[in-house]
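What follows is each chain in one-letter form.
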2 protein chains.
Amino acid sequence: MIDKDKLAETVAEIVSGYKLPEQPAGLYRPVEYALDCGGKRLRPMLLLAVCQALGGNIEKARSAAMGIEMYHNFTLLHDDVMDRADMRRGRPTVHVKWNDVTAILSGDAMLTLAGSLMTEVPDAVLRPVLDMFNRTAMEVYEGQQYDMDFEQRSDVTVEEYMHMIRLKTSVLLAGACYIGALIAGADEADARAFYEYGVNLGLAFQLRDDWLDTYGNPEVFGKAIGGDIVNRKKTWLLISALRESRGELDGILAEDLENDELIRQVKSVYSSLRLSDRCNHLIGEYASKAISAIAGVKIAPADRAYFINLAESLSGRDK
Amino acid sequence: MIDKDKLAETVAEIVSGYKLPEQPAGLYRPVEYALDCGGKRLRPMLLLAVCQALGGNIEKARSAAMGIEMYHNFTLLHDDVMDRADMRRGRPTVHVKWNDVTAILSGDAMLTLAGSLMTEVPDAVLRPVLDMFNRTAMEVYEGQQYDMDFEQRSDVTVEEYMHMIRLKTSVLLAGACYIGALIAGADEADARAFYEYGVNLGLAFQLRDDWLDTYGNPEVFGKAIGGDIVNRKKTWLLISALRESRGELDGILAEDLENDELIRQVKSVYSSLRLSDRCNHLIGEYASKAISAIAGVKIAPADRAYFINLAESLSGRDK
């Protein structure tokens, strides 16, 4: 049976127990710093939880769990360089603490290390695990590219946005679930079901992230509120408002307003369209879809409760 | 039997026949541009040549050959961003033609594509091929890191330099040979022998590259001569001269000379130490070591002649 606290402990132990060579220090110390970020460790947790729920031996899944977390932290490291983000989780990013060259090279090393960790699975699943890992990684880059492309466009649709976050965020959660299922020796149908769970969980997760950026409590969420609005980031909220406010939002965005006033006026448009409630409703729908996706999979009721609880808590999370 | 021209044709066909998705164009067009560089294609050629010489079916080695070329071109793409190099082989580099963000993300995609291509080998050799590929990739990053570290140091020894170029350049040639041998179903001893061939070929290749930067014919070599001297790059020539010229070279480098005068004075020190001849002698030694490494491997005399000829021609190359 999945013990939530024990699982978190195992993941923490896997990550902290992962050792890199001493030299060259300029290459490996930034990798350690990037891994030591105190994140949610959601992806390795999912990988191990699915493996365990499907009767697998999680000892055989430890390296893959580390690999998926390594990959995730690699994407954050390179994304921060590309976005010129100075801080992450209250600490300077790698390219600020060191420099761009270090961030690029250490990130490259993390990507290779992730692929290498992924090979440490039983022979019987080596090829399908790598196929899923490589395919997922390509989709993540495609998502990142679309996200950047959207910055230059004013006609992005909600469907395009959902497709983009599916690629950029959801497939990695889905891939983690799928790889956990493969290592457990699950059949294709169960692995696919957990993949769908991960996709929908990821969509709910990302929409909640967008919602929190506008409606979260800054002291709990851990960052300033309204950043997406100030950056005119094409989130579900902004895209929906652009399409439904009959030009009102375009007018506000075109003005040269102070940040606080801009945020106030944009939120007032959101409010007139009831977008906060509608966003949370949509998040709830994706969480339900996630739960439904695994309805046909035979797992212990207590383990099912774990996955239901995870979907519900991530959908309603405040941080 | 290895037909040199046919092999080059096959490699050209593999690279030009490699197709990427249409969308997102911002991600995939720069990858195509980076691949379409008109390089020597030395690594895929070696991979296929070794596979064929050892009796393998090179049809089974096509994807791995493409993978090793993809990986090599990925390293050039990210190195050019890190070195702020504007041109490569007479064309603007990716970060100049597009921008840094594109160069980083497209490079990441190339690294994943390389790993993915590497999985397209027979099941029996999947794990050892990936182990060699991942280990080699890590060594290449370590070499790049040491190369950058050396820029900040004045006490780099010739031994340290040789270790660095072994990592940065040689192991990828060696890995290409080794993977070609694995796909041919060779035994460990033969694969190791070809690995050693590749290592020594790579050392000869890189030393000749350094020599050409100082003594080449700019019209044949394709770039301006003396760039390494102007950049105070710690090559075998500079390191040897720093250690043997009793402070004379340090004095010249500390002066604020015009480039042409700097190059003239440094070359005069090199000349007094007979470094050009000694460098070429060393290159010849590594070429001989490469040839000796495969002396015990049973291959057709005509195929052995191919590898001997390759080592000799790369050692004496003018471009």
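Refer to the structure above for everything that follows.
This section reports on the structure supplied with the text. Computed from a predicted model, the values in this text were never measured in an experiment. (Residues numbered from 1 in each chain as written. Chains lettered and ligands numbered in written order. Predicted model: local features only at pLDDT ≥ 70, side-chain atom pairs only at ≥ 80, totals over all residues. Heavy atoms only, no water.)

As for the overall build of chain A
For step 1, the next point in the chain: Along chain A, the regular secondary structure elements total 16 helices and two strands.
For step 2, the next point in the chain: The C-alpha atoms of chain A give a radius of gyration of 20 Å, which matches the 20 Å a tight globule of 319 residues would have.
For step 3, the next point in the chain: Taken along the three principal axes of its C-alpha coordinates, chain A extends 60 × 50 × 30 Å.
For step 4, the next point in the chain: When each of the 319 residues of chain A is scored for burial, the buried share is 58%.
For step 5, the next point in the chain: Across chain A, contacts joining residues at least 24 apart in sequence account for 73% of those joining residues at least 6 apart.
For step 6, the next point in the chain: Within the structure as shown, chain A displays about 13,300 Å² of accessible surface, and the carbon and sulfur contribution to it stands at 49%.
For step 7, the next point in the chain: Each charge sign in chain A was given a centre, from 36 positive and 48 negative side chains, and these centres are 2 Å apart. (Helix = DSSP H or I, 4+ residues; strand = E, 2+ residues; numbered from the N terminus. Rg over C-alpha atoms; globule rule 2.2 N^0.38 Å. Buried < 20%, exposed > 50% of the residue type's maximum accessible area, 1.4 Å probe, protein only. Contact = heavy atoms within 4.5 Å. Areas by Shrake-Rupley, 256 points an atom, 1.4 Å probe, with all protein chains shown as cover. Lys, Arg positive; Asp, Glu negative; His and termini not counted. Charge placed at Lys NZ, Arg CZ, Asp CG, Glu CD.)

Thoughts on the interface of chain B and chain A
For step 1, the next point in the chain: Taken together, the contact pairs 37 residues of chain B with 37 residues of chain A.
For step 2, the next point in the chain: A salt bridge links A:Asp123 to B:Arg127; its shortest N-O distance comes to 2.8 Å.
For step 3, the next point in the chain: Our count for the contact surface shared by chain B and chain A stands at 12 residue pairs in polar contact (both at pLDDT 80 or more).
For step 4, the next point in the chain: Counting residues per element, the side of chain B that touches chain A draws most heavily on helix H7 (residues 123-151) of chain B, at 15 residues.
For step 5, the next point in the chain: For the side of chain B that touches chain A, the class distribution of residues is 21 nonpolar, 10 polar and six charged. (Salt bridge = Lys/Arg side-chain N within 4 Å of Asp/Glu carboxyl O. Polar contact = N/O pair within 3.5 Å; in protein donor to acceptor, adjacent residues only side chain to side chain. Nonpolar A, V, L, I, M, F, W, Y, C, P; charged D, E, K, R; others polar.)

Some details on the pattern of salt bridges
Opposite charge on two side chains lets them pair, provided their charged atoms get close.
For step 1, the next point in the chain: This model, assessed by the stated rule, comprises 34 salt bridges over all chains.
For step 2, the next point in the chain: Here the salt bridges share partners, and the residues they tie into one network are A:Glu13, A:Glu59 and A:Arg62.

What to know about the nonpolar core
For step 1, the next point in the chain: Residues A:Tyr197, A:Phe307, B:Tyr197 and B:Phe307 are the most contacted members of the largest nonpolar core, which totals 246 residues.
For step 2, the next point in the chain: In contact with A:Phe307, other than residues within four places in its own chain, are A:Ile2, A:Ala49, A:Val50, A:Ala53, A:Phe194, A:Tyr197, A:Ile294 and A:Ile299. (Core = buried A, V, L, I, M, F, W, Y, C linked by side-chain atoms within 4.5 Å.)

Focus on empty space enclosed by the protein
For step 1, the next point in the chain: Here the structure, examined in full by the defined rule, presents three cavities of 30 Å³ or more.
For step 2, the next point in the chain: Approximately 170 Å³ is the volume found for the largest cavity.
For step 3, the next point in the chain: As for the largest cavity, its lining consists of 14 residues, and the residues nearest its centre are A:Gly115, A:Asn134, B:Gly115, B:Phe133 and B:Asn134.
For step 4, the next point in the chain: Of all elements in the fold, only helix H6 (100-118) and helix H7 (123-151) of chain A together with helix H6 (100-118) and H7 of chain B reach the threshold of two or more residues within the lining of the largest cavity. (1 Å grid on protein atoms, 1.4 Å probe; cavity = no way out; pocket = protein on both sides within 12 Å on 5 of 7 lines; lining within 4 Å. Points joined across faces, edges and corners; volume = space filled by probe spheres on them.)

Some thoughts on the relation of the copies chain B and chain A
For step 1, the next point in the chain: Structural alignment of chain B on chain A gives an RMSD of 0.0 Å, achieved by rotating through 180 degrees and translating 0.0 Å along the axis. Such a combination of rotation and displacement between the chain copies is what one expects of a two-fold axis.
For step 2, the next point in the chain: Of the interface residues in chain B, 100% have counterparts in chain A that sit at the interface too, so the contact is made through matching surfaces. (Least-squares fit on C-alpha atoms with pLDDT ≥ 70 in both.)

Details of a negative patch on the surface
Residues and elements named next belong to chain A.
For step 1, the next point in the chain: On the surface, Glu255, Asp256, Glu258 and Asp260 cluster together into a patch of negative charge.
For step 2, the next point in the chain: In this fold, Glu255 is placed in the loop between helix H13 (248-254) and helix H14 (259-272).
For step 3, the next point in the chain: Classification of Glu255 as partly exposed rests on a relative accessible area of 41%. (Patch = residues over 30% accessible without salt bridge, like charges linked within 9 Å, V, L, I, M, F, W, Y side chains within 5 Å.)

Side note on the environment of A:Val171
All names here are of chain A.
For step 1, the next point in the chain: Considering the arrangement of structural elements, one finds Val171 in helix H8 (residues 158-183).
For step 2, the next point in the chain: Taking relative accessible area as the criterion, Val171 reaches 3% and is therefore assigned buried.
For step 3, the next point in the chain: Spatially, the C-alpha atom of Val171 lies 21 Å from that of Lys319, the residues being 148 residues apart in sequence.
For step 4, the next point in the chain: The contacts of Val171, once residues within four sequence positions are left out, are Thr136, Glu139, Val140, Arg166 and Tyr195.

So, H6(A)
All names here are of chain A.
For step 1, the next point in the chain: Between the first and last C-alpha of H6 there are 27 Å, a value that for 19 residues agrees with the 27 Å anticipated at 1.5 Å per step.
For step 2, the next point in the chain: Taken across its 19 residues, H6 has 16 buried, putting it largely inside the fold.
For step 3, the next point in the chain: The distance from a side-chain oxygen at the start of H6 to the backbone nitrogen of Val101 is 3.2 Å, and the residue carrying that oxygen is Asn99. (Expected span 1.5 Å × (residues − 1).)

Thoughts on helix H16 (residues 301-315) of chain A
Residue and element names in this part refer to chain A.
For step 1, the next point in the chain: Its 15 residues place the ends of H16 21 Å apart at the C-alpha level, agreeing with the 21 Å of an ideal helix rising 1.5 Å per residue.
For step 2, the next point in the chain: For H16, the complete set of buried residues consists of Asp303, Tyr306, Phe307, Leu310, Ala311, Leu314 and Ser315. Buried residues in H16, looked at end-on, bunch into an arc of 160 degrees, giving them a common side. Exposed residues pointing more than 90 degrees away from the buried face of H16 are listed as Pro301 and Glu312. (Arc of directions from axis to C-beta.)

Things to note about the state of the cysteines
For step 1, the next point in the chain: Overall, the coordinates contain zero disulfides over all chains when judged by the stated rule.
For step 2, the next point in the chain: B:Cys177 forms no disulfide, and the closest cysteine sulfur to it belongs to B:Cys51, at a distance of 12 Å. (Disulfide = S-S within 2.5 Å.)

Let's talk about unusual backbone geometry
All names here are of chain A.
For step 1, the next point in the chain: Residues Gln23 and Pro24 are joined by a peptide bond in cis, for which omega reads -5 degrees.
For step 2, the next point in the chain: Tracing the chain through its elements places Pro24 in the loop between helix H1 (4-16) and helix H2 (25-35).
For step 3, the next point in the chain: Unusually for a residue other than glycine, Arg274 sits at a positive phi of about 55 degrees.
For step 4, the next point in the chain: On the secondary structure map, Arg274 appears in the loop between H14 and helix H15 (275-293).

Purely geometric numbers; function is a separate question.
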